[in-house]
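# Working through the structure, step by step
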Amino acid sequence: MATYLTRLRTPFFIEQTSTAATVGSADLTITINSVDVYIISKNTVSKNVSFEVSELIRDYLNPSWDGVFPYSTATNNSFVVTATIKVEFYVNNRKTRAINALAGTTDTPISGQTVTHTMYGFDAYSEFKEGINHQLSYGQMLQTTTDMYLPDSTVAYIPIMIAEASPATNPKTPPAIAQYFTVAANVADGTVVTPVSGINVTVHRICEPVFDYMKVVFVNKFGGLQMFYFNKKNILSLNVTQENYDSMLMSANTYSTTAHQKYVYNKQGSEQITLNTGYVDEGQFETMKQLILSEQVWLEVDSVIHPVNVVTNTLTKKTKVNDKLVNYSINVEFAYDVVNSVR
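Residues numbered from 1 in each chain as written. Predicted model: local features only at pLDDT ≥ 70, side-chain atom pairs only at ≥ 80, totals over all residues. Heavy atoms only, no water.

### With respect to the pattern of salt bridges
Any two side chains of opposite charge can pair, on the condition that their charged atoms come close. So the rule is basically this: Salt bridges are identified by distance alone: a Lys or Arg side-chain nitrogen within 4 Å of an Asp or Glu carboxyl oxygen. Secondary structure elements follow DSSP: runs of H or I no shorter than four residues count as helices, runs of E no shorter than two count as strands, and numbering proceeds from the N terminus. Using a 1.4 Å probe on the protein chains alone, a residue whose accessible area is under 20% of its type maximum counts as buried, one over 50% counts as exposed, and one in between counts as partly exposed.
Taken as a whole and assessed by the stated rule, the structure comprises 11 salt bridges. Between E127 and K289 there is a salt bridge, with the nearest N and O atoms lying 3.2 Å from each other. Taken together, the residues span a long stretch of sequence, with E127 in the loop between β7 (114-122) and β8 (147-151) and K289 in helix α4 (residues 284-293) at a distance of 162 residues. Taking the relative accessible area as the measure of exposure, E127 reaches 26% and is therefore partly exposed. Because the salt bridges share partners, they merge into one network encompassing R9, R58, D123 and E295.

As structure tokens, then:
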């Protein structure tokens, strides 16, 4: 039996080989919240079988954030799904088993050839160069950057992976969950903090007297909620769509000159905002890259949390050698219509 900390946005393969003398097929059963949600059968090849499971398990992951700091237990739990994966081997292949089942003689698994795994799945991904089945690890910091840019006197949170003991009386309690190291409001500029052993993060306090701070919270490649403050020029824009038709104005051989001949309907608007990082170190390219690739993003404006989608789809890495000063500009769109259309 193995335990996996899985990045569900990337394929993850469960591969098993039977030691039985004769093996024809295998069943994979995925159980979530004590319910069997998937049962998949495959014929074996040289007693071996492989199943890709991340896409199936991700169907049961529903990450959500209520906009409250610090992140609540309910928020943290929503970013992990616990699944039990069972592989059972059978002597006969799938076709023979189906015929037997129709005849009322259902095959049973080979004794001693059942393997069970526990999977904790996160809304995370790995990259091509990291190879197959690249997992998260206990005790790691769940963000790449080791430099954080924070306004004066503000609290920040750094995601980390911890291991929790699962009480025997409550097996649904996830032993693997993202928690958050707190950077206190009184941590001074230039201070080095250590969220996990061996990893140092330098805090840079920023002061911007002209532009408003725009705090973005997003789910990064590790499945953790990461914070970033955009502190330079921001521009809000509105895009409006509409439909039109020519109305019939004539009535009794006359018409009103104040009525609309060109009639507008289904008018709707969406807003976008352009954000600028301000001058940052070269390592923030990775932060911007993960922000653009994130599927869950929120923006805080005047202490109000807004769900947003990143619409910027290209990013050029900037360096001090090429660009002197490193500043990134990102466009995000508010993830709702201006005119309330929720039904």
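### Thoughts on the packing of aromatic side chains
Convention followed: Any Phe, Tyr or Trp ring, taking Trp's six-membered ring, that has another such ring centre within 6.5 Å forms a pair; planes under 30 degrees apart are called stacked, those over 60 apart edge-to-face, and the others tilted.
As enumerated under the stated definition, the model contains 15 aromatic pairs in all. Consider the rings of F334 and Y336, whose centres lie 5.9 Å apart with planes at 55°: the pair is tilted. A relative accessible area of 7% means that F334 is categorised as buried. Judged by relative accessible area, which is 35%, Y336 ranks as partly exposed. Grouped by ring-pair contacts, the aromatic residues W65, F69, Y71, Y157, Y180 and W298 constitute a single cluster.

### A few points about the pairing of strand β2 (residues 13-17)
This is how the line gets drawn: DSSP-based pairing: two strands are paired if at least 2 bridges between them are found.
Side-chain alternation along β2 places I14 and Q16 on a buried face and F13, E15 and T17 on a face that remains uncovered. Taken together, the five bridges between β2 and strand β5 (residues 48-52) define a ladder with antiparallel strand orientation. Paired with Q16 across the two strands is V49, which belongs to β5.

### A closer look at the side chain of N76
To keep it simple, the criterion reads: We call two residues in contact when some of their heavy atoms are within 4.5 Å.
You can see N76 is positioned in helix α2 (residues 73-78). Classification of N76 as buried rests on a relative accessible area of 6%. Ignoring any residue separated from it by four or fewer positions in sequence, one finds N76 in contact with Y71, I177, A178, Q179 and Y180.

### Considering the nonpolar core
Using the following cut-off: Here the nonpolar core consists of buried residues drawn from Ala, Val, Leu, Ile, Met, Phe, Trp, Tyr and Cys, with membership extended through side-chain atoms lying within 4.5 Å.
Ranked by size, the top nonpolar core spans 34 residues in total, and within it Y71, F122, V183 and L225 carry the most contacts. Listing elements by their share of this core, those giving two or more residues are β7, β8, β9 (156-163), β10 (176-183), β11 (192-196), β12 (199-206), β13 (214-219) and β14 (225-230). Ranked by residue count, the leading element in this core is β9, at five residues. With residues near it in sequence (within four places) discarded, Y71 still touches W65, N76, Y157, Y180, V217, L225 and M227. Y149, I273, V310 and Y328 belong to the second largest nonpolar core, which has 24 residues in total.

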